Number of protein chains: 2
Amino acid sequence: MPTNHQIHLDNRPTGEAVASNFKMVIAETPALQDGQVLVRHHFLSLDPYMRGRMNDAKSYAQPQPLGQTMGGGTVGEVVESCNPRFAVGDKVVGMGGWQEYSVVDANQPGALRKVDTTHVPLSAYLGAVGMPGVTAWYGLVKICAPKAGETMVVSAATGAVGSAFAALSKARGCRTVGIAGGPDKCQYAVQELGFDACIDYKLHKDAASLGRAIKEACPNGIDGYFENVGGMVLDAVLPNMNAFGRIAVCGMIAGYDGQPLPLSYPALILTQRLTVQGFIVSEHMEVWPEALNELGTLVGTGKLKPRESIAQGLAAAPDAFLGLLKGKNFGKQLVKLI
Amino acid sequence: MPTNHQIHLDNRPTGEAVASNFKMVIAETPALQDGQVLVRHHFLSLDPYMRGRMNDAKSYAQPQPLGQTMGGGTVGEVVESCNPRFAVGDKVVGMGGWQEYSVVDANQPGALRKVDTTHVPLSAYLGAVGMPGVTAWYGLVKICAPKAGETMVVSAATGAVGSAFAALSKARGCRTVGIAGGPDKCQYAVQELGFDACIDYKLHKDAASLGRAIKEACPNGIDGYFENVGGMVLDAVLPNMNAFGRIAVCGMIAGYDGQPLPLSYPALILTQRLTVQGFIVSEHMEVWPEALNELGTLVGTGKLKPRESIAQGLAAAPDAFLGLLKGKNFGKQLVKLI
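Just so it is clear, the model here is predicted, and its values are computed rather than measured.

S.K.: Explain the sheet that holds strand β11 (residues 222-227) of chain A here, please?
M.R.: Strands pair in a sheet through their backbones, by hydrogen bonds, and they do so in one of two ways: parallel or antiparallel. If you walk across this open sheet you meet the twelve strands as β10(A)-β9(A)-β8(A)-β11(A)-β12(A)-β13(A)-β13(B)-β12(B)-β11(B)-β8(B)-β9(B)-β10(B), and the pairing is mixed. Of all the strands in the sheet, just β10 (197-200) of chain A together with β10 (197-200) of chain B have a single pairing partner and so form its edges. The mean angle between the axes of side-by-side strands here comes to 15°, regardless of whether they run parallel or antiparallel. Pairing geometry for strand β11 (residues 222-227) of chain B and strand β12 (residues 241-249) of chain B, over five bridges, is parallel. Following the sheet pairing, Gly224(B) is matched in β12(B) by Arg246(B).

So this is what it looks like as structure tokens:
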């Protein structure tokens, strides 16, 4: 069996996450038992939710156990199989974690899924045609509930979720506005992702100033907002929400290090009769087939061309992940392992 | 035509509302035109939402115009009629405002409604079988969406909304917990209104301490919360919400004077996958018949016996209203005019 490099969570962050929270470990992959397959990972997905799991706090996700391989989505190829449903050479998506190989009990529902790479590149199954894409789909379709002509806004606009959100929202005839950090991302959002406008939050010192820029970009107000960030951005968006607006709360990355992240004017939820709903896409598996079908078509027909930030080699994963938390990535953050 | 005492909004509050914001005025009632009726008010309703209308700010309600009679719900008797649908002696509920008489164009939909006082006292149509009761009904039934065995919580528990909430929630088989200010109100909530428990927020200095008391009273967590208050109370409730919990935001009286009222941990909306929804009952007229029917039955059969705080005479209205904002009332606050 091949030697397998893994990255473990060695200790929990106090405040900001740092590279020394992680440790590289070398392990042997065990011999396969009946029903199992051995997957060689081609790409590892890095996602903001992983920061939450590094804390030992009550949250929707179980904390990442110390001394074990960091969890995470992977795409790869079956290199050995003791399962009649999977053959060597099959391209698969699963939750293999931060390591080069994984042994998967492929009979467990949802543990491993074969994918077709004829029209969709393998890496896209970790992004636009994977969990981030379905996340955008659920928040937009099921919570923001867009009607043609309405205005939809998303923060972290050029990330994996934001870029899928843009394509899905434009397909529904909505004015679609992004919020992102820096002129490059904002230009890319408008020129490549199809956003009607994109606001650079880094140009604004406070929520009032950012709020004025949002107002200018959303002259008819905001009907649906998809929140990935929290903090100042949410404070700036809230006063621009139209009556009966919908807010999908998907992430609050600004607060993942544990600092207080208050919402300054919750009374706006009342005065504007807003619906604010938190969600986790893994709890809504019933929408995945419909969502993946639409997302696969958008990617296959070139209507959604999400950008990827690719780090090379497993050892680069921690730094790439820490960069993601600071918004240094540009598009879906991946680690290429092969 | 009779002489009519009115209370006008004379000037807007800066910070806390004060008695000198109001002015008593004497007016003549004009002669009736075709379709109009003259109503003599028996009771005037005082409600927290009126404080919001005293500000000249963007809100769901139009600001109360200066130099005009304060708006508000009234019940009374028709004393003169130029409308075939209303006869002298009819008991009616309407929005007559802070005055002794009103001239109503009774052909306008919703302007005036005849009520039956056989089983339900006239004043109840301003409380349990009126706007506050329907408010409790909408927030509970349509937003908190209770299932038997779940835990429902309401703040301002002994007010007009809270007491109706208790009867409606108990009727649905829910553990029903109130939050109120002072031992008298808490005792009354449990002994008379049917709450399973009531927490005195005045015993607690901060949200953490209040949160522990809530946890004790809600050992299975909270599935639905009806918010009338905001601030520290909401901060104390939020960490006790169960996954997929529902919060109906009806009022944030703690912030009506304009002081900041942040929500300390909005990230809990995500981690607990909550739905937080603001609403105004007047925008949901479609539920009123069903709600009033259930509420009328609860009152008529003695299952809902809401307490009333009655101030005597129109001149007492401003002080009674200011007391209501400070929680000095005990039950539905009314002004008796006759």
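S.K.: Would you take a moment to explain unusual backbone geometry for this structure?
M.R.: It is generally the case that most residues other than glycine have a negative phi and that most peptide bonds are trans. With a phi angle near 70°, Phe244(A) is a residue other than glycine that sits in the positive phi range. Residue placement: Phe244(A) occurs in strand β12 (residues 241-249). The partly exposed category is assigned to Phe244(A), around which 13 C-beta atoms lie within 10 Å. Its identity is not glycine, yet Ala145(B) carries a phi of approximately 45°, on the positive side. Looking at where Ala145(B) falls in the secondary structure, it is placed in the loop between α2 (131-144) and β8 (151-155). Classification of Ala145(B) as partly exposed rests on a count of 15 C-beta atoms within 10 Å.

S.K.: Before we go on, may I ask you to explain the relation of the copies chain A and chain B in this structure?
M.R.: Relating one copy of the chain to the other takes a rotation about an axis and a shift parallel to that axis. Laying chain A over chain B is done by rotating through 180° and shifting 0.0 Å along the axis; what remains is an RMSD of 0.0 Å. In symmetry terms, the pair is related by a two-fold rotation axis. An overlap of 100% is found between the interface residues of chain A and their copies at the interface of chain B, pointing to a shared contact surface.

S.K.: Explain the interface of chain A and chain B to me, please; I cannot follow it from the model alone.
M.R.: Bring the parts together and some accessible area is lost; that lost area is often taken as the interface size. Taken together, the 26 residues of chain A in the interface contact 26 residues of chain B. Mapped by element, the contributors of at least two residues to the side of chain A that touches chain B are α7 (267-271) and β13 (275-278) of chain A. Residues of the side of chain A that touches chain B, tallied by class, amount to 15 nonpolar, ten polar and one charged. Where β13(A) meets strand β13 (residues 275-278) of chain B, three bridges bridge the pair, whose relative direction is antiparallel. Its bridge partner lying in β13(B), Thr275(A) is registered against Gln277(B).

Procedures and definitions
Residues numbered from 1 in each chain as written. Chains lettered and ligands numbered in written order. Predicted model: local features only at pLDDT ≥ 70, side-chain atom pairs only at ≥ 80, totals over all residues. Pairing = 2+ DSSP bridges. Helix = DSSP H or I, 4+ residues; strand = E, 2+ residues; numbered from the N terminus. Axes fitted to C-alpha atoms, helices over the stretch in contact; angles between N-to-C directions. Buried ≥ 20, exposed ≤ 12 C-beta atoms within 10 Å, placed from the backbone. Least-squares fit on C-alpha atoms with pLDDT ≥ 70 in both. Contact = placed C-beta atoms within 7 Å. Nonpolar A, V, L, I, M, F, W, Y, C, P; charged D, E, K, R; others polar.

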